[in-house]
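# Architecture at a glance
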Amino acid sequence: MSAEENKTLIRRYFEAIDKECAAGNADIVDDFLAPDFVEHNPFPGIPPTREGWKQAFKEFVKGAPGYHVIEDLVAEADKVVGRITAYGKHDGELFGIPATGKDIRVTGIAIWRIRDGRIVEHWHETDQMGLMQQLGVVPPPPGDQVT
């Protein structure tokens, strides 16, 4: 696949998971992640596999359903890099944190490696500290106001 086709795959992936979020249909990831998919930065307690990614999907659907905005995508060869912003509402328990009812916004940068039209590897760095501050788990630095 070309770099542009790989970027289109990532756009389709986010459109699909955002659409299926309301229904909680984690099986949608099977359409995009290869059976031998590897997550290089798994969430705590979640295996670094396709099944683990489905588990993470369900966790977010249950705890903070929402949507994603693709801010930037850059592709070369078999990799796509994206700057993504996720939005949601913390309406349920999320990784052990009780619901707060707060709107959340989490930014991150991800790298996907693609083979034969499927995502085979994923790396991501997300603003976990910012999320914890938004949820009131960690206080913001003195002088900062988190809304």
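Note: the structure precedes this text.
The residue count restarts for each chain, going from 1 along the sequence in the order it is written. Predicted model: local features are reported for residues with pLDDT of at least 70 only, side-chain atom pairs are reported and counted for 80 or more only, and whole-chain, interface and lining totals are derived from all residues. Hydrogen atoms and water are omitted, and side-chain values are computed over all heavy atoms in the structure.

Before going further, it helps to spend a moment on the nonpolar core. With 26 residues, the main nonpolar core has I10, Y13, W53, W112 and I119 as its most contacted residues. Where helices and strands are cited, they refer to DSSP runs of H or I of at least four residues and of E of at least two residues respectively, numbered from the N terminus. Elements represented by at least two residues in this core include exactly helix 1 (3-21), strand 1 (33-39), helix 2 (50-63), strand 3 (79-89) and strand 4 (103-115). The biggest single contributor to this core is helix 1, with seven residues. I104, V106, M132 and L135 belong to the second-largest nonpolar core, a separate cluster that totals eight residues. Residues enter a nonpolar core if they are buried and are Ala, Val, Leu, Ile, Met, Phe, Trp, Tyr or Cys, with the set joined through side-chain atoms within 4.5 Å. Here's how the labels work: a residue is buried when its accessible area is under 20% of the maximum for its type, exposed when over 50%, partly exposed in between, all with a 1.4 Å probe on protein chains only.

This part covers helix 2. Between its first and last C-alpha atoms helix 2 spans 20 Å; for 14 residues at 1.5 Å apiece the expected length is 20 Å, and the two agree. On its buried side, helix 2 packs onto helix 1, strand 1, strand 3 and strand 5 (118-126). How far a helix is expected to stretch is found by multiplying one less than its residue total by 1.5 Å. Residue contacts follow a heavy-atom distance rule, with two residues in contact if any of their heavy atoms lie within 4.5 Å.

Criterion for a salt bridge: a side-chain nitrogen of Lys or Arg within 4 Å of a carboxyl oxygen of Asp or Glu. If you walk through the whole model with that rule in mind, you get eleven salt bridges. Residues K54 and D27 are paired through a salt bridge, measuring 3.1 Å at the closest nitrogen-oxygen approach. Here K54, found in helix 2, pairs with D27, found in the loop between helix 1 and strand 1; they are 27 residues apart in sequence, far enough to count as distant. Under the relative-accessibility criterion, K54 is labelled buried at 8%.

Most peptide bonds take the trans form, and the phi angle of most residues other than glycine is negative. For F95, which is not a glycine, the phi torsion comes out positive at approximately 50°. Tracing the backbone through its elements, the reader meets F95 in the loop between strand 3 and strand 4. Positive phi, normally seen in glycine, also occurs at D116, with a value near 55°.

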